[in-house]
Amino acid sequence: MIKDIIKKTKAYYCLDCGKCTAVCPVALFDGDFSPRRIVGETITREDKVLDDCRIWNCLTCKMCHERCPSDVNFIEFIRLLRVDARGEGKEGICSHGGAIQSLMKIMTAPNLNQKRLDWIRPDLKTSKDSEYLYFVGCLPYFDLFFSNIKANSLDIARSTLKILNLLRIEPQVLPNERCCGHDLLWSGDVENFKKLAQHNIAEFKKAGVKKIVLSCPEGYACFKSEYPNYLGKFDFEVVHISELLPDKLSSGEIKLKPVKGKVTYQDPCRLGRFSNIYDNPREIINSIPGIEFVEMKRSGKNAMCCGTSSWMNCTQYSKQIQLERLKEAKSTGAETLITFCPKCQIHFLCAQSEINYPEELKLKVIDLTTFLANALGGE
Amino acid sequence: MYRLETTLKKEKIKLFFPRLSSDVHTISRLEPSSCRVACPAGIQVKAYIGLIVAGKFQEALDLIKKDNPLPGICGRVCTHPCESECNRRKVDESVAICALKRFVADWELKKSVKRAEPIARISDEKIAIVGSGPAGLTCANDLIRLGYGVTVFEKLPFAGGMLTAGIPSYRLPREIINKEIENITDLGVEIRLGVKVGKDVGFDELMEQGFKAFFIAVGAHQGLKLNVPGENDYQGFIDCVDFLRNVNSGDHKKPGRKVIVIGGGNSAIDASRTALRLGCDEVFVVYRRSRKEMPANVSEIEEAEKEGVKIHYLAAPVKILGKKGKVAGMECIKMRLGEPDESGRRKPVPLEGSEFVIEADVIIPSISQKPDLSFLPKDHEFKLSKWDTFEVDPVTFATNIQGFFAGGDAMSGPNTVVDAIAHGHFVARSINRYLKHKDLKKITHSSSEVREWGFRLEIEGEKPIERNHFPKLSIEKRLNSFEEVDLCFTEEQAIAEAKRCLRCGPCVECQECVAGCSKRLVMLSFPHKEAQEIGRVPEFILRVPTDPMKLPRDKRSEEVVISWRDEEEKENQLTLALEPITCFVDKDMCRGCGKCEKVCEYKAITLKPVKEGLVVSEIDESICKGCGTCVAICTTGAIKARHFTDKRIEQMLESCLNQE
Amino acid sequence: MSEEKKDFKPKVVAFACHWCGVGKNEINAVEDFPDFKLIKLMCSGRINSALILKAFEKGADGIIAFGCPEGKCHYNFGNRNAAEEYKIAQSLIHLLGIEPKRLRLELDFFSEDGKLDSVIKEFVGGIRKIGPSPLRLINENK
């Protein structure tokens, strides 16, 4: 019921102030898109909203919610509308022909026997009985699928494992963990999300783990809030890799070698606005000797989205958002853009791989774990 | 369109591809022009007239010959139903279609034409055609071109059937008939003259000789009786058919002084004008209705009257008067026209007490004819109508006896030449299918489908142009000879007359583009193979593979009827509009990544700048061939294939994977 | 286990280009194998990993794709695209734990007489040996 959605997300309290639209990255380029107007129209003409293809354009970056004086949870509002719209057979336009959605749905199969651990090099230590679990997520698939833009997503996994080993953690890595379901959930497919979550929880229980370490902010946010939300008690401690590091770095337990260069940092929405982790990544970057860290104009709470989410509705406006963000990063004078979410990295790399991308805006895009792992081994 | 596949194809998934992939573009004439519909033989009238306008007389003749192997004959004696349906009549008078046909036929005669080579025999089967009239000749022409062996049996010492025996040479010179028959025999058709099938050679004998199919086209050569008193009592009575046959065989003896011809058809007028030419003093025609109802061609009646034939309209014979065993005259009664009968013509009613007498020594009844069935054995099993004509299946022209087909006047009773030609075509098609062991019933003839002519012609603003009249032989010259009366158009006249054609519809169907395209890119084809095989298809479709689709979208589609049986074995039909599969870009979705531009082998995709630093790809659908590689490579889903969307493929997958 | 396999009717999806022998004539081979579900595409270039994954997701036990031989693509290079996408798809299904034998791309089946028949027989036979796809359950639960 759309009335329930309006109530639940406090959309009734919308003051029509338009702050959301003012900060919305989509609205910045797509004149047709306005969170304020969508809320307003939904309240007045409930029935029409599910047919509105604009609900699939929202990036759910939470910028609007962050600014809303009435605490209207717009992205939750959008998500719930998507659930209802999907019930009526509507969906967004899947990128890559829907391949990634298919991968996620395939993983709902109960007796899957994945071969996803080939990436673990012999020098990386894992164990079968650790209370720690490293949840790799989609990285093996991304690494393959985005090999054409040289995303090398598995570098993130290898780096994470390397760092964990350094912290004397030899985590379990499960051969049959599933996709966390984040993207299905945000594109309104609750049914398959729940299936994935159940499979995952069963796998976790079977492995007997207590702490789950993630290198992906989406999985982190998802385990932290959505799993308990949809499946009740979630008896595992969820840790993002960035939460483990600052102490160890400042205490000198992990030694780093100097790296020269000027870098800037892209706050992933799931880590920043969703999970309030703003300082840890910055501390990590700053702990690397020789690094000059500069902030972009819009950073932290105001950080701009990378342009696409949930592998759908990647539009012309997505590209414009990415170009805008890359321009902003470049304008800081940095030559490297550090991301902390494999998807941000993929999106920025993809934008740069496209024809007509201006040479002067070329930037190195690297995940923070990889960046840190490259700096390991200092005196 | 989609539903059809998911719900109905339980056993096998079959995809109805829009047949018009954009490799092919069509010029489609959905309805043939009214003149073509009116023509029993379906001649492409508008097309050959268009070619005459262009001065392409040979091409025009070739086109006519596709549907009518006897253009010179038809150009003279056809009743030209096409002219009655001509849209030009709404402006002034119809185009002189018939005379134009004659013009091109004569044009060819005037120059020396290389004689045709015999057609190579492909199949062993032989076909016997009984009767060498227009039906038999047309059928022989069609079958020999299909590679069969064809033998035509003719009872008379000359070929042509009623054309030669019944039509006087002042209307149809013998050399025209001979030339056109020669064109057919040149292809390898054997005509055996003076052989009476059934008497000289039996059907059993022919079967033993290897004839696999028979076409009975013996015509209707037996005159009907008048059924008036005195008819059988006196000398001086000659049946019209016999009279004309004798004259046409060279017997130019004067039959008598005063001649009465009874009837109002073309043969009655022929008999009267022939009698005048033989030197008879007075020739009367007695017809029971008025001139308006007279079935003979108007120009024939006019010419007969000019030559001196006296026509008594609204008069009927009552009894024959005789003296000394010879005809002396005929008592007639005046008639008036009553209510229309079942044929739509007003029924003549006698006016009591209006009897009058016409003196004469010869009476030529020409009321109607029936087939002369004396060639059939007494115990034959053919189903006949009450008029002694052969009863056949109206679609296949098959008689009740397997392997025997009948057509022409022998089947329909006295009829026109062009109808006989049409029958010849239909029977040839049926015999072909019969010999190939295909279902005869699947034949459809365009003439059996009543098609409404849907094209709206704009005649407003058309200026009247006087119809061109061909010159005629002077009256003086006519009466002592059998020289041809109607003379031919000159080239200038023909072109001027052809220009009067309104060219109903956009394409004149002349097929010159097919012949003219050096790269052989233009093809003429019919939508269904099956249809092409079994009969003419009214639609005319030209496939032009390279022609860019500059037409508006709605003009590009083609309709196709698909039929299937549902679970209850019920026949269902659905008309689908098929459009080519082409790809298009959703502009909002496109990121302008440029991948599609690289994979498009046809350079249909270009990147168009939309904003500073931003490009969007654009597909020129006139170039796109619909291969879908760009759809496969598009990361955002901005490129979609018309009629072949992702959703559709997904549903196809579902439907074929969920069936048990 | 062997009992199960006897009843096992493999669901094989065949993507065929409209112009290669399979798509063009809907040759008998396809009719002879009732398990074969033919989906015609305009060109094998339309095949991408998304299409292949989707077919597996919907419960296909095996997927075979037919296209024209190298250099003979009706659209010049559509089959090259198919070959590239096939490679990616092959690695993806390996990660997912779907046997690589379940996916096959055939671009050169007209070089020898009867090759197509034997290719299909071999492929379907292979699927019979491996048994139903692990993904069938997702669909059967529905």
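Residues numbered from 1 in each chain as written. Chains lettered and ligands numbered in written order. Predicted model: local features only at pLDDT ≥ 70, side-chain atom pairs only at ≥ 80, totals over all residues. Heavy atoms only, no water.

Please clarify how the environment of F145 of chain A should be interpreted in this entry.
Among the secondary structure elements, F145 of chain A is positioned in helix α8 (residues 139–145). Considering only alpha carbons, one finds F145 of chain A and I100 of chain A, 45 residues apart in sequence, at a separation of 8.9 Å. (Helix = DSSP H or I, 4+ residues; strand = E, 2+ residues; numbered from the N terminus.)

Would you explain the interface of chain C and chain B in this entry?
In this assembly, 30 residues from chain C lie in contact with 29 residues from chain B. Both sides of the chain C and chain B interface together cover about 2600 Å² of buried area, and 62% of this is carbon and sulfur. In this assembly, chain C and chain B are joined by 4 salt bridges. Where chain C meets chain B, there are 5 residue pairs in polar contact (both at pLDDT 80 or more). Those elements that provide at least two residues to the side of chain C that touches chain B are β1 (12–17), β2 (36–41), α4 (49–57) and α5 (78–96) of chain C. In terms of residue class, the side of chain C that touches chain B is built from 14 nonpolar, 8 polar and 8 charged. (Contact = heavy atoms within 4.5 Å. Buried area = accessible area lost by both parts, 1.4 Å probe. Salt bridge = Lys/Arg side-chain N within 4 Å of Asp/Glu carboxyl O. Polar contact = N/O pair within 3.5 Å; in protein donor to acceptor, adjacent residues only side chain to side chain. Nonpolar A, V, L, I, M, F, W, Y, C, P; charged D, E, K, R; others polar.)

Is there a simple way to think about the packing of helix α24 (residues 646–657) of chain B against α4 of chain C in this case?
Packed helices, taken two at a time, are described by the angle their axes make and the gap between the axes. Close contact between α24 of chain B and α4 of chain C brings their axes to 10 Å; oriented N to C, the two are set at 30 degrees. Overall, the two elements α24 of chain B and α4 of chain C adopt an arrangement that is roughly parallel. Viewed along their axes, α24 of chain B and α4 of chain C form a crossing whose handedness is right-handed. Contacts from I649, E650, L653 and L657 of chain B of α24 of chain B reach α4 of chain C at L51, K54 and A55 of chain C. Residues that form the contact of α24 of chain B with α4 of chain C fall into these classes: 5 nonpolar, no polar and 2 charged. (Axes fitted to C-alpha atoms, helices over the stretch in contact; angles between N-to-C directions. Parallel < 35°, antiparallel > 145°, perpendicular 65-115°, else oblique. Left-handed = near helix turned anticlockwise from the far one by under 90°.)

Is there a simple way to think about helix α18 (residues 491–498) of chain B in this case?
The periodicity of an α-helix, 3.6 residues per turn, causes residues three or four places apart in sequence to face the same way. Residues and elements named next belong to chain B. Within α18, the full set of buried residues consists of A494, E497 and A498. Seen end-on, α18 carries its buried residues on one side only, within an arc spanning 100 degrees. Against α3 (45–53) and α7 (97–110) lie the buried residues of α18. (Buried < 20%, exposed > 50% of the residue type's maximum accessible area, 1.4 Å probe, protein only. Arc of directions from axis to C-beta.)

So what exactly am I meant to see when it comes to the packing of helix α9 (residues 154–166) of chain A against helix α13 (residues 241–250) of chain A here?
All names here are of chain A. Following both chains from N to C, one finds α9 and α13 inclined at 45 degrees, their axes separated by 11 Å at the closest point. The pairing of α9 with α13 is recorded here as oblique in orientation. Considering the relative orientation of α9 and α13, their crossing is left-handed. For the pair α9 and α13, contact is made by T160, I163 and L164 and by I241, L244 and L245, respectively. A class-by-class count of the residues in the contact of α9 with α13 yields 5 nonpolar, 1 polar and no charged.

Looking at this structure, I do not really get unusual backbone geometry. What am I missing?
Residues and elements named next belong to chain A. Located in the positive-phi region is R168, a residue other than glycine, with phi close to 60 degrees. Along the polypeptide, R168 turns up in the loop between α9 and α10 (182–186). The residue N356 is not glycine, and still its phi comes out positive at about 70 degrees. The exposure class assigned to N356 is partly exposed, which follows from its relative accessible area of 48%.

Even after reading the chapter, I still don't get the pattern of salt bridges, so can you show me in this structure?
Proximity of charged atoms lets side chains of opposite charge pair with each other. Counted by the stated rule, this structure contains 70 salt bridges over all chains. E218 of chain A is the partner of K343 of chain A in a salt bridge, and the nearest nitrogen-oxygen pair spans 2.5 Å. On the criterion of sequence distance, the pair formed by K343 of chain A in helix α16 (residues 342–353) and E218 of chain A in helix α12 (residues 217–231) is long-range, its members being 125 residues apart. Looking at K343 of chain A, the relative accessible area reads 6%, which means it is buried. Exposure remark for E218 of chain A: the relative accessible area of 9% places this residue in the buried category. Residue E654 of chain B pairs with K58 of chain C through a salt bridge whose shortest N-O separation is 2.9 Å. Of this pair, E654 of chain B sits in helix α24 while K58 of chain C sits in the loop between α4 and β3 (62–66), which puts the two residues in different chains.

Mind showing me how you'd approach α3 of chain B here?
Counting buried residues along α3 of chain B, 8 of its 9 residues qualify, which places the element largely inside the surrounding structure. One or two residues past the end of α3 of chain B sits G55 of chain B, with phi positive at roughly 75 degrees.

What should I look at first to understand the interface of chain A and chain B in this one?
The figure often quoted for interface size is the accessible area lost as the parts come together. Taken together, the contact pairs 23 residues of chain A with 22 residues of chain B. The largest contributions to the chain A side of the interface with chain B come from I93, Q316 and I355 of chain A, which together make up 31% of the buried area. Linking chain A with chain B are 1 salt bridge, by the criterion used here. With its nearest N and O atoms 2.8 Å apart, the salt bridge here joins R591 of chain B to E354 of chain A. Here the residues of the side of chain A that touches chain B are counted per class, giving 8 nonpolar, 12 polar and 3 charged.

How should I be thinking about the nonpolar core in this particular structure?
Nonpolar side chains in soluble globular proteins tend to be buried together. The biggest cluster of nonpolar side chains holds 191 residues, and the ones touching the most others in it are F77, F204 and F223 of chain A together with F15 of chain C. Those residues in contact with F77 of chain A that lie beyond four places of it in its chain are I5, I6, T9, A11, I38, V39 and T42 of chain A. (Core = buried A, V, L, I, M, F, W, Y, C linked by side-chain atoms within 4.5 Å.)

I would appreciate a short explanation of the packing of aromatic side chains in the present structure.
The geometry of two aromatic rings is summed up by the distance between their centres and the angle between their planes. Residues and elements named next belong to chain A. Within this structure, the stated rule accounts for 28 aromatic pairs over all chains. Here F142 and W311 contribute two aromatic rings whose centre-to-centre distance is 5.2 Å and whose plane-to-plane angle is 70 degrees, an arrangement assigned as edge-to-face. Of this pair, F142 sits in helix α8 while W311 sits in the loop between β5 (291–293) and α15 (316–331); the two residues are 169 residues apart in sequence, bridging distant segments of the chain. Accessibility assignment for this pair places F142 and W311 in one class, buried. Pairing Y227 with F234 gives two aromatic rings, centres 5.3 Å apart and planes at 75 degrees, and the pair type is edge-to-face. For Y227, a relative accessible area of 0% puts it in the buried group. (Phe/Tyr/Trp six-rings, centres within 6.5 Å; stacked < 30°, edge-to-face > 60°.)

Even after reading the chapter, I still don't get the pairing of strand β8 (residues 282–286) of chain B, so can you show me in this structure?
Successive residues of a regular strand alternate their side chains across the two faces of the sheet. Residues and elements named next belong to chain B. Counting buried positions along β8 gives 4 out of 5 residues, so the element sits mostly inside the fold. Where strand β7 (residues 258–262) and β8 come together, 5 bridges link them in parallel fashion. What sits directly across from K258, in β8, is E282. Taken together, β7, helix α13 (residues 266–277) and β8 constitute a β-α-β crossover, and its handedness is right-handed. Bridge count for β8 against strand β9 (residues 310–312) is 3 bridges, and the pairing is parallel. What sits directly across from V285, in β9, is I311. Tracing the backbone out of β8, into helix α14 (residues 298–307) and back to the parallel element β9 gives a crossover that is right-handed. (Pairing = 2+ DSSP bridges. Right-handed = clockwise from strand over helix to strand, strands pointing away.)

I tried to follow the confidence of the model for chain B on my own but got confused; where do I start?
Low pLDDT marks regions whose predicted coordinates should not be analysed in detail. Residue and element names in this part refer to chain B. In the predicted model, chain B carries a mean pLDDT of 79, and the fraction of residues at 70 or more is 81%. Long-range and interchain partners of residues 1–30, a stretch whose pLDDT sits below 50, account for 110 contacts in this model, where long-range means more than four residues apart. Low pLDDT (under 50) marks residues 525–562, which in the prediction has 126 contacts with non-local residues, meaning those over four places away or in another chain. (pLDDT = per-residue confidence, 0-100.)

When you look at the sheet that holds β2 of chain C in this model, what are you seeing that I'm missing?
All names here are of chain C. The strand order across the open sheet built from 4 strands is β2-β1-β3-β4, with neighbouring strands paired in parallel fashion. The open sheet is flanked by β2 and β4 (103–106), the only strands paired with a single partner. Here the average twist between neighbouring strands, direction ignored, is 15 degrees. Here 6 bridges tie β1 to β2, and the two strands are oriented parallel to one another. Bridging across to β2, F15 finds its partner in I39. Contacts from α4 reach β1, β2, β3 and β4, with the element oriented near 145 degrees to β3. Relative to the sheet, helix α6 (residues 115–130) contacts β1, β2, β3 and β4, its axis offset from that of β3 by approximately 165 degrees.

Whenever I open this one, the environment of D32 of chain A confuses me. Can you help?
Tracing the chain through its elements places D32 of chain A in the loop between α3 (25–29) and α4 (35–44). Discounting residues that sit within four places of it in the chain, D32 of chain A has contacts with R37 and R54 of chain A.

Even after reading the chapter, I still don't get the sheet that holds strand β3 (residues 149–154) of chain B, so can you show me in this structure?
Two pairing modes exist for strands in a sheet, parallel and antiparallel, and in both the strands are linked by backbone hydrogen bonds. All names here are of chain B. The strand order β4-β3-β2-β5-β16 describes an open sheet built from 5 strands, whose pairing is parallel. Each edge of the open sheet is held by one strand with a lone partner, namely β4 (190–193) and β16 (404–406). Strand-to-strand, the axes of this sheet are offset by a mean angle of 20 degrees, without reference to chain direction. Of the pairings in the sheet, the one linking β3 to β4 comprises 4 bridges and is parallel in character. Paired with T151 across the two strands is E190, which belongs to β4.

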